[in-house]
Amino acid sequence: MELEELKEYFPHRVIKRKVRKVAVKRVRKDLILHGKAEDELTEEELEYLLADAEASVWGDIKQTGLIGVLAMLGLSL
């Protein structure tokens, strides 16, 4: 295999792809809840919503990780 083919299996790329998928699901759910269709928004607006959702997913991951570390240490918030 060439280096470029191997890069798609690096853990950080896999994690980024999974975070992106979760963010897309969140954006679609939010659009449905607000009664909007993806076609009604521009590409820039969708990208903005997606970036916001990705930041939210990363925040959730960080918070969950912190809570897990605190639990391992026997501490609580």
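Quantities reported herein were computed from a predicted structural model and do not represent experimental measurements.

K.L.:
For this particular structure, what's the right way to read the overall build of the protein?
P.N.:
Counting secondary structure elements, the protein contains three helices and zero strands. What you see in the protein, going N to C, is helices and strands ordered as α-α-α. Considering only contacts within the protein whose residues lie at least 6 apart along the sequence, 57% involve residues at least 24 apart. Carbon and sulfur atoms make up 59% of the accessible area of the protein, which amounts to about 6700 Å² in all.

K.L.:
I tried to follow the environment of Lys21 on my own but got confused; where do I start?
P.N.:
Mapped onto the secondary structure, Lys21 falls in helix α2 (residues 11-33). Separated by 33 residues in the primary sequence, Lys21 and Glu54 place their C-alpha atoms 9.1 Å from one another.

K.L.:
Just to check I follow, could you spell out the pattern of salt bridges for this structure?
P.N.:
For side chains of opposite charge, pairing can occur when their charged atoms come near one another. Counting across every chain of the model gives four salt bridges. Here Arg20 and Glu54 are joined by a salt bridge, their closest N and O atoms 2.7 Å apart. Taken as a pair, Arg20 in helix α2 and Glu54 in helix α3 (residues 43-72) lie far apart in primary sequence, 34 residues in all. In this structure, Arg26 and Asp60 form a salt bridge, with 2.8 Å as the shortest nitrogen-oxygen distance. Of this pair, Arg26 sits in helix α2 while Asp60 sits in helix α3, placing them 34 residues apart in sequence. Residue class for Arg26 comes out partly exposed when judged on its relative accessible area of 30%.

About the cut-offs
Residues numbered from 1 in each chain as written. Predicted model: local features only at pLDDT ≥ 70, side-chain atom pairs only at ≥ 80, totals over all residues. Heavy atoms only, no water. Helix = DSSP H or I, 4+ residues; strand = E, 2+ residues; numbered from the N terminus. Contact = heavy atoms within 4.5 Å. Areas by Shrake-Rupley, 256 points an atom, 1.4 Å probe, with all protein chains shown as cover. Salt bridge = Lys/Arg side-chain N within 4 Å of Asp/Glu carboxyl O. Buried < 20%, exposed > 50% of the residue type's maximum accessible area, 1.4 Å probe, protein only.

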